[in-house]
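Secondary and tertiary structure notes
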Amino acid sequence: MALDIKLLDIIACPVCKGKLHYNKAAHELVCRFDKLAYPLEEGIPVLLENRARLLSSDEMPS
C-alpha cells in the first residue's frame, strides 16, 4: 500500500514540527533537521519518536 502524498502537506515531524520528506525506496518519512526516519506500515505513517531510526550522514537525502 502506497503513501498518499497529500498527507505530506498536513503532517509534520513530531519532534521539531518540521516538514517530512518521503523516501519511496525505503518506505519512510524523513525529517532532515532531526535526521530521523519514520516507518510506514501498510501506507500509514508511524510518527512515534521511539519508532524512528536515526539516519547516518551518508543516508541523508539532498
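Source: prediction; values computed, not measured. Residue positions within a chain follow its written sequence, with the count starting from 1. Since the coordinates come from a predicted model, pLDDT governs what is reported: local features require at least 70, and pairs of side-chain atoms require 80 or more to be given and counted, while whole-chain, interface and lining totals use all residues. Computation of side-chain values: all heavy atoms of the structure, hydrogens and water removed.

**Some points on the overall build of the protein**
Strands here mean DSSP runs of E at least two residues long; helices mean DSSP runs of H or I at least four residues long; both are numbered from the N terminus. If you tally the helices and strands in the protein, you get zero helices and five strands. Written out in order from the N terminus, the α and β elements of the protein read β-β-β-β-β. A compact globule built from 62 residues should have a C-alpha radius of gyration of about 11 Å, and the protein, at 11 Å, falls within 12% of that. Overall, the protein is about 30 × 25 × 20 Å in size when its C-alpha atoms are taken along their principal axes. In this scheme, a residue with accessible area under 20% of its type's maximum is buried, one over 50% is exposed, and one in between is partly exposed, where area comes from a 1.4 Å probe on protein chains only. By residue count, 32% of the 62 residues in the protein fall in the buried class. Throughout, the radius of gyration refers to the C-alpha atoms, and the reference size of a globule is 2.2 Å times the residue count to the power 0.38.

**Some thoughts on the confidence of the model for the protein**
Put simply, the protein has an average pLDDT of 89, and 94% of its residues get 70 or more. Mean pLDDT in the protein bottoms out at strand S4 (residues 44-45), which sits at 90, and peaks at strand S5 (residues 53-54), which reaches 96. As a per-residue measure, pLDDT tells how confident the predictor is, with possible values from 0 to 100.

**Structural notes on unusual backbone geometry**
One non-glycine residue with positive phi stands out, namely lysine 17, at about 70 degrees. One non-glycine residue with positive phi stands out, namely histidine 27, at about 55 degrees. In this fold, histidine 27 is placed in the loop between strand S1 (21-23) and strand S2 (28-31). Overall, the relative accessible area of 48% leaves histidine 27 in the partly exposed class.

**As for the side chain of aspartate 34**
In this fold, aspartate 34 is placed in the loop between S2 and strand S3 (36-41). It is lysine 17 that comes nearest to the buried, bridge-free aspartate 34 among opposite-charge side chains, at 8.8 Å. Excluding its chain neighbours within four sequence positions, the residues that come into contact with aspartate 34 are Cys13, Val15, Cys16 and Leu54. The charged-residue count follows a simple rule in which Lys and Arg add positive charge and Asp and Glu add negative charge, with His and chain termini not counted at all. Any Lys or Arg side-chain nitrogen found within 4 Å of a carboxyl oxygen on Asp or Glu counts as a salt bridge. Any two residues having at least one pair of non-hydrogen atoms within 4.5 Å are treated as being in contact.

**A closer look at the environment of arginine 32**
Structurally, arginine 32 can be placed in the loop between S2 and S3. The sequence separation of arginine 32 and alanine 12 amounts to 20 residues, and the corresponding C-alpha distance is 12 Å.

**Here's the deal with the side chain of glutamate 28**
Along the chain, the position of glutamate 28 falls in strand S2. At a separation of 2.8 Å, a polar atom in the side chain of glutamate 28 contacts the side chain of arginine 53. Excluding anything up to four places from it in sequence, glutamate 28 contacts His21, Tyr22, Asn23, Ala37, Tyr38, Leu40 and Arg53. Nitrogen and oxygen atoms within 3.5 Å of one another constitute a polar contact, given that in protein one can donate a hydrogen and the other can accept it, and given that sequence-neighbouring residues count only through two side-chain atoms.

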